[in-house]
Amino acid sequence: MSKYLIYYDYENLSLIDSSIVLLKELEIPFIDDNVFEYYGGHWGYVVNERIFFLSQAYNIALASSKDCDLLVLEEDAYYNLCFAKKHIEENPTLFNLAQSELAKYDLTYSEKTKIIYINNLLGDNLEKIKAKNKTSFSDFHVSIFHSSRDISDFDDKSNANLKKILNVVGLNIVYEEHNAFFQNELFSPKIAYKYSAKSLENAVDSGSDFILSNSMGIFDIFDKKYLKLSKVINRDFGNIPILFLPQVILLSFGIRDDTALALRYHKIGADFI
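Attention here is on the structure that accompanies the text. All figures in this text were calculated on a predicted structure; none of them were measured in a lab.

## As for the sheet that holds strand β7 (residues 210-213)
Strand order in this open sheet of four strands is β6-β5-β7-β8, and the pairing throughout is parallel. Each having just a single partner strand, β6 (172-177) and β8 (242-243) make up the two edges of the open sheet. Bridge analysis of β7 against β8 gives two bridges, and the strand direction is parallel. Bridging across to β8, Ile211 finds its partner in Ile242.

Here you go:
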């Protein structure tokens, strides 16, 4: 069985904490104690390509040094890492630059290191999820939100795996959106809030009990800025929780302990638990 180094570089700890608990429940080997390089996500690429690629090369090489594949927990980081990996390995000049810089840290870039998205890893462990499933979500409806960047450029399986997992836990999908506008907050908060408020309204009007976010950026704007979004559209959305897939799966296992679920890091609580 492969071993995984978990990539994580966020202030919010709910995704990493719940993912670690889930991986332990499924007996999937992992390492989670490393410090990664981060340079502004995809906007970092726009601002300074060199630093963006070298930062991502460092993250990939770090996994290589531990004989691990790099496990990514959400779509934004997954896209950035896959994007960087493709360009580094297709551009000999960039590849050589990365190797030269990594040598300063006693690291070596390896093309054999895989970037694994958690939805795909969980899809490969579907039978384990079925065996541990204790609670049906058949009475619940969910809206799914994805990163604004199209990860199908690198991955055509993750969304299908997500649907298989949600089918196992019995969730009814009532709305799905692939084009969130959270990233515009950096340059135009007015536009970001306007379109995010409309997206949130679509989820509420579809009868969703909660939202499943595959993106940390979407989680941040829906959870942290929900009062601002309510004011933008002049509507009270109520307290609709924003959850990550590992939290949903843990709930389906019958786990209600917040030490495992890590909902304490959310502004909007999950009252249905």
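There's plenty left to go through after this.
## A word on the side chain of Glu74
Note that Glu74 resides in the loop between β3 (69-72) and α4 (75-90). For Glu74, a relative accessible area of 1% gives the class buried. One polar contact links the side chain of Glu74 to the main-chain amide nitrogen of Ala77, over a distance of 2.8 Å. Sequence-distant contacts of Glu74, that is, excluding residues within four places in its chain, are made with Tyr10, Leu15, Tyr117, Asn214, Ser215 and Met216.

## A closer look at the packing of aromatic side chains
Following the criterion strictly, the structure yields 15 aromatic pairs and no others. Seen in terms of ring centroids, Phe53 and Phe83 are 6.2 Å apart; in terms of plane orientation they differ by 10°. Their pairing is stacked. Of this pair, Phe53 sits in helix α3 (residues 49-65) while Phe83 sits in helix α4, placing them 30 residues apart in sequence. A relative accessible area of 10% means that Phe83 is categorised as buried.

The rules behind the values
Residues numbered from 1 in each chain as written. Predicted model: local features only at pLDDT ≥ 70, side-chain atom pairs only at ≥ 80, totals over all residues. Heavy atoms only, no water. Pairing = 2+ DSSP bridges. Helix = DSSP H or I, 4+ residues; strand = E, 2+ residues; numbered from the N terminus. Buried < 20%, exposed > 50% of the residue type's maximum accessible area, 1.4 Å probe, protein only. Polar contact = N/O pair within 3.5 Å; in protein donor to acceptor, adjacent residues only side chain to side chain. Contact = heavy atoms within 4.5 Å. Phe/Tyr/Trp six-rings, centres within 6.5 Å; stacked < 30°, edge-to-face > 60°.

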